[in-house]
Amino acid sequence: MYLFQSFVCSRICFFSLLLFFGTILSSCQGVPVSGRQQMMLISPQQEVQMGETAYKDILKKATLSKNTANIEMIRRVGQRIAAAANQPDYRWEFNLIEEKSPNAFALPGGKVAFHTGILPFTKDETGIAVVMGHEVAHALARHGAERMSTGMLTEMVSSGAATVLSGGDAKKIDSLKQAFALGSNLGIMLPFGRRHESEADKIGLHLMAKAGYDPRAAITFWQRMSQGGGGKPPEFLSTHPNDETRIHQIESWLPEVFPIYQQNKR
């Protein structure tokens, strides 16, 4: 009976994985600029809805800045980057939140927010364009949906493998799933996050260049961020490339994007 149950369980897992991978193959799309193929299990409509809901929740809890000059600058840069992004279905929105942490984000559907804490690092409008291009690039490349899709796939594969390898023992299943989770985080999710950050850097350079902002400002911005202090984990334990890697990559992409800026500068 036990052997029969194990046989049936393994066959169910096998055919479930076949069905799942079939869905994956029919759900691939290309990332703008990089052309990398990505796996998607979440529709654009679902992603946009989640983004709009999350944005509303964030703004309800946030304190919005009343600095008119800074708000106007954020929105001016945002509109130029949005025009370069050319996403007519997006309902763009740009806000400035009173928050000391140097951060900014763009959610699916064109919902963007800056923290006031990042303004000392951006310094001026071009610096804001560096950050705006990078954050909008995450939304254009659908990085959030891709991370969720990868997490779903990883969870299914690890659960199926744990069930088969454990022989159905509940305690062994939990132990194996924990081990798989740790391994997938170090071997899949963290490198995946670093790839997304680098990809957003590159797409962001293209966006700011198309919008008429000098992409060379990205180097000085990340140098300022690097000098901002604070301990950072080793690159292999981080979702972001280290500052040296990031700056080196941007320098290597400048010959590609600088002519775009020269054609569009104002």
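Residues numbered from 1 in each chain as written. Predicted model: local features only at pLDDT ≥ 70, side-chain atom pairs only at ≥ 80, totals over all residues. Heavy atoms only, no water.

Further remarks concern the pairing of strand E4 (residues 104-107). Side chains of E4 alternate between two faces, with Ala-104 and Ala-106 and Phe-105 and Leu-107 buried alike. Bridge analysis of E4 against strand E5 (residues 111-115) gives four bridges, and the strand direction is antiparallel. Bridge pairing in E5 places Ala-104 opposite Phe-114. Taken together, E4 and the strand that follows it, E5, pair antiparallel across an intervening segment of three residues, in which Gly-109 is found at a positive phi of about 95 degrees. (Buried < 20%, exposed > 50% of the residue type's maximum accessible area, 1.4 Å probe, protein only. Helix = DSSP H or I, 4+ residues; strand = E, 2+ residues; numbered from the N terminus. Pairing = 2+ DSSP bridges.)

This paragraph deals with the confidence of the model for the chain. The predicted model of the chain has a mean per-residue pLDDT of 78, with 68% of residues at 70 or higher. Within the model, the stretch residues 176-192 combines pLDDT values under 50 with 32 contacts to residues more than four positions away or in other chains. Confidence over residues 233-238 falls short of pLDDT 50; this stretch has 14 contacts with residues more than four positions distant or in other chains. (pLDDT = per-residue confidence, 0-100. Contact = heavy atoms within 4.5 Å.)

Using the criterion set out here, one finds one cavity of 30 Å³ or more in the structure. Of the voids in this model, the largest cavity is the one considered here, and its volume is about 50 Å³. Together, Val-130, His-134, Asp-201, Gly-204, Leu-205, Met-208, Ala-218, Trp-222 and Ile-250 line the largest cavity. If you tally residues by element for the lining of the largest cavity, the top one is helix H7 (residues 170-210), at four residues. Counted by class, the lining of the largest cavity contains six nonpolar, two polar and one charged residues. (1 Å grid on protein atoms, 1.4 Å probe; cavity = no way out; pocket = protein on both sides within 12 Å on 5 of 7 lines; lining within 4 Å. Points joined across faces, edges and corners; volume = space filled by probe spheres on them. Nonpolar A, V, L, I, M, F, W, Y, C, P; charged D, E, K, R; others polar.)

In the structure shown here, the tally under the stated rule is eleven salt bridges. Between Arg-246 and Asp-201 there is a salt bridge; the shortest N-O distance is 2.7 Å. In this pair, Arg-246 sits in helix H9 (residues 243-264) while Asp-201 sits in helix H7, placing the two residues 45 residues apart along the sequence. Using a relative accessible area of 4% as the deciding quantity, one classes Asp-201 as buried. (Salt bridge = Lys/Arg side-chain N within 4 Å of Asp/Glu carboxyl O.)

Our focus in this paragraph is the packing of helix H3 (residues 68-85) against helix H5 (residues 125-140). Where H3 contacts H5, the two axes come as close as 9 Å, and the packing angle between them is 45 degrees. As far as their axial angle goes, H5 and H3 are oblique. Handedness of the crossing formed by H3 with H5: right-handed. On the side of H3, the interface is formed by Met-73, Ile-74, Arg-76, Val-77, Gly-78, Arg-80, Ile-81 and Ala-85, while H5 contributes Glu-125, Ile-128, Ala-129, Met-132, Gly-133, Val-136 and Leu-140. The residue makeup of the contact of H3 with H5, split by class, is ten nonpolar, two polar and three charged. (Axes fitted to C-alpha atoms, helices over the stretch in contact; angles between N-to-C directions. Parallel < 35°, antiparallel > 145°, perpendicular 65-115°, else oblique. Left-handed = near helix turned anticlockwise from the far one by under 90°.)

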